[in-house]
Each structure stands twice: as structure tokens, then as C-alpha cells.
Amino acid sequence: MTPADADAVAALHVASWRGAYRGVFTDDYLDHQAEAERREAWHARLNAPTGADWGVVAQDDTGRVLGFAWVMPDHDPTWGDYIDNLHVAPDLKGGGIGRRLMQAVAQRLLSSGSQRPLYLWVLDVNTAARGFYERLGAEVRDLQLSDPLAGQQHPVWRCVWRDPQRLAAHD
């Protein structure tokens, strides 16, 4: 993922939120605030990366961003490497892009020498995502309140892969 991807990543991020969180996040936020906020956030993140954070993007032959993941290696001393974002274009969910992105993340972390667990947070209401992560071998645990997201805290579950090698090889 490069700074040139910021607008497309932000647009996909907003489309994903609109598809998954209508009725959870306010309509005002999704319809009038999310685009500018996500564009600003992704431009800042990609133009001034901090630490060892990195992203991976899936594109088609035309350059359309189909999905992306953002990773913060060695984020937590207990839980390990953190996937801060994973989104797939709403019209392409179920086609294997998310699985391939998760495998690519695990493979890259392993190739860089990481032997830490891998984790992410998923909103409680997003049962489809929780099921997807469970099918990829995640242990779903630790229901908590999120940091403020779209102006509110939300119940979230930690999904953890204690052995990312299994995720990297998952079919």
C-alpha cells in the first residue's frame, strides 16, 4: 500500500462501513462525515507512516481496489501483531479476497521473523465477519468496548490466531 492508494482505500473503507454498519453508526456519520474523515485518516497514515506499520492491497487488472489490510506488527506484548483494518468491497464478499488478504498478512509477518500471535477487533454486531474469522481459525474472545468509533464506543470481540502459521497455510 502506497500514498497513491489513499483515496481508493478510503472510499472502500467507507463503502464497507456503509454496507456493514448502517443502523449501528449514525446515518449522518455514514452519509456526511465518514468520507472526509477516512480520506484524511488514510492520507495521514500513508504519507507519514509510523514505526513498522504496513498495508497490503488487492487490486484487479484495472487497478480497482478490491480489498485491503493494515497491520501494526508487535503492537501488543501479549496479543502480538495487530490487524487494524481489513475490508473487502461489499459486492465481492465471499469471493476469497478476505481469506487471501489474511493469508498474505500472516505470510509476510512470518517471513519477517514474527513468531507472535496475530489479532484484530470486530464489532459484536458484525456476526458475518466473526464467522469468517472463526472459519479461518480465530479464537473469538474478550468482549470489550471499542475506542470511540464514529463518535461512539461499540462492543467488540478480539479475534486471535495464536499460531499464524496455520492461518498462512489455511485453505
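Figured I'd write up the structure that's included with this text. These figures come from a predicted structure and were not determined experimentally.

### Digging into the pairing of strand β6 (residues 155-161)
- Of all seven residues in β6, five are buried; the element is thus mostly enclosed.
- When strand β5 (residues 139-145) meets β6, the two strands line up antiparallel, connected through five bridges. When the bridges of β6 are listed, valine 140 appears paired with cysteine 159.

### Considerations on helix α3 (residues 97-111)
- Taking 1.5 Å of rise per residue, the 15 residues of α3 would be expected to cover 21 Å, and the 21 Å separating its terminal C-alpha atoms lies within 8% of that figure.
- Here α3 has its buried residues at Ile97, Gly98, Leu101, Met102, Gln103, Val105, Ala106 and Leu109.
- Note on α3: the residue one or two positions beyond its end, glycine 113, has a positive phi of about 100°.

### Details of the packing of aromatic side chains
- Applying the stated criterion across every chain yields a total of nine aromatic pairs.
- With a centroid separation of 5.3 Å and 80° between ring planes, the pair formed by tryptophan 42 and phenylalanine 68 is classed as edge-to-face. With tryptophan 42 in helix α2 (residues 27-47) and phenylalanine 68 in strand β2 (residues 65-76), this residue pair connects regions lying 26 residues apart in the sequence.
- Look at phenylalanine 68 and you get buried, because its relative accessible area is 0%.
- Site record: aromatic cluster; members linked through ring pairs are Trp17, Tyr21, Phe25 and Tyr29.

### Regarding the side chain of aspartate 81
- Considering the arrangement of structural elements, one finds aspartate 81 in strand β3 (residues 80-88).
- What makes aspartate 81 buried here is its relative accessible area of 1%.
- Here the side chain of aspartate 81 touches aspartate 74 through a polar contact of 2.6 Å, landing on its backbone nitrogen.

### Focus on the nonpolar core
- With 25 residues, the main nonpolar core has Met102, Val105, Leu120, Tyr133 and Trp161 as its most contacted residues.
- Contacts of methionine 102, omitting those with residues within four sequence positions, involve Ile83, Leu86, Leu120, Phe132, Tyr133, Leu136, Trp161 and Leu167.
- Of all hydrophobic cores here, the second largest spans 15 residues; its members include Ala6, Leu12, Trp70 and Ala89.

### Brief notes about the pairing of strand β4 (residues 118-123)
- For β4, the tally of buried residues reaches five of six residues, placing the bulk of the element in the interior.
- Looking at chain direction, β3 and β4 are connected through two bridges and run parallel. What sits directly across from aspartate 81, in β4, is leucine 118.
- For the crossover from β3 across α3 to β4, the handedness is right-handed.
- Judged from the six bridges that link them, β4 and β6 form a sheet pairing that is antiparallel. Within β6, the position partnered with tryptophan 121 by the bridge is arginine 158.

### With respect to the pattern of salt bridges
- Scanning the entire structure with this criterion turns up 13 salt bridges.
- The closest approach of N and O atoms between arginine 64 and aspartate 91, which form a salt bridge, is 2.9 Å. Separated by 27 residues along the polypeptide, arginine 64 in the loop between β1 (54-59) and β2 and aspartate 91 in the loop between β3 and α3 bring together distant segments of the chain.
- Aspartate 91 gets classed as exposed once you look at its relative accessible area, which sits at 54%.
- Connected through salt bridges with shared partners, the residues Glu139, Arg141, Asp142, Arg158 and Arg162 form a single ionic network.

### Digging into the side chain of serine 146
- Within the secondary structure, serine 146 sits in the loop between β5 and β6.
- By relative accessible area, serine 146 is classed as buried at 9%.

### A word on the sheet that holds β5
- On the basis of which strands lie adjacent, the open sheet formed by six strands has the order β1-β2-β3-β4-β6-β5 and mixed pairing. Edge positions in the sheet fall to β1 and β5, since each of these pairs with one other strand and no more. Strand-to-strand twist in this sheet, taken as the mean axis angle between neighbours without regard to direction, amounts to 25°.

Rules behind the numbers
For every chain, the first residue of its written sequence is number 1, and the numbers climb from 1 along that sequence. Reporting in this predicted model follows two pLDDT cut-offs: at least 70 for local features of residues, and 80 or more for side-chain atom pairs to be given and counted; totals over whole chains, interfaces and linings ignore these cut-offs and use all residues. As a rule here, side-chain values come from all non-hydrogen atoms in the structure, and water together with hydrogens is ignored. Think of it in three bands: with a 1.4 Å probe and only protein chains considered, a residue is buried below 20% of the maximum accessible area for its type, exposed above 50%, and partly exposed in between. Numbering goes from the N terminus for both helices and strands, where a helix is a DSSP run of H or I of at least four residues and a strand is a run of E of at least two. Paired strands, as defined in this entry, are two strands with at least two bridges between them according to DSSP. What a helix should span is 1.5 Å times the count of its residues minus one. In summary, the pairing rule links any two rings of Phe, Tyr or Trp, Trp by its six-membered ring, whose centres are within 6.5 Å, and it sorts them by plane angle into stacked for under 30 degrees, edge-to-face for over 60 and tilted for everything else. Each polar contact in these results corresponds to two N or O atoms within 3.5 Å; when the atoms are within protein, one needs to be able to donate a hydrogen and the other to accept it, and residues that are neighboring in sequence are counted only if both atoms are side-chain atoms. As used in this record, nonpolar core signifies buried Ala, Val, Leu, Ile, Met, Phe, Trp, Tyr and Cys residues forming a set joined through side-chain atoms within 4.5 Å. Here, two residues are considered to be in contact whenever any of their heavy atoms come within 4.5 Å of each other. Assignment of crossover handedness uses the view with strands pointing away from the viewer, where a clockwise path from the first strand over the helix to the second indicates a right-handed crossover. Note on definitions: salt bridges are taken to be side-chain nitrogens of Lys or Arg within 4 Å of carboxyl oxygens of Asp or Glu. Axis lines are fitted to C-alpha atoms, over the contacting stretch for helices. Their N-to-C directions set the angle, which ranges from 0 to 180 degrees.

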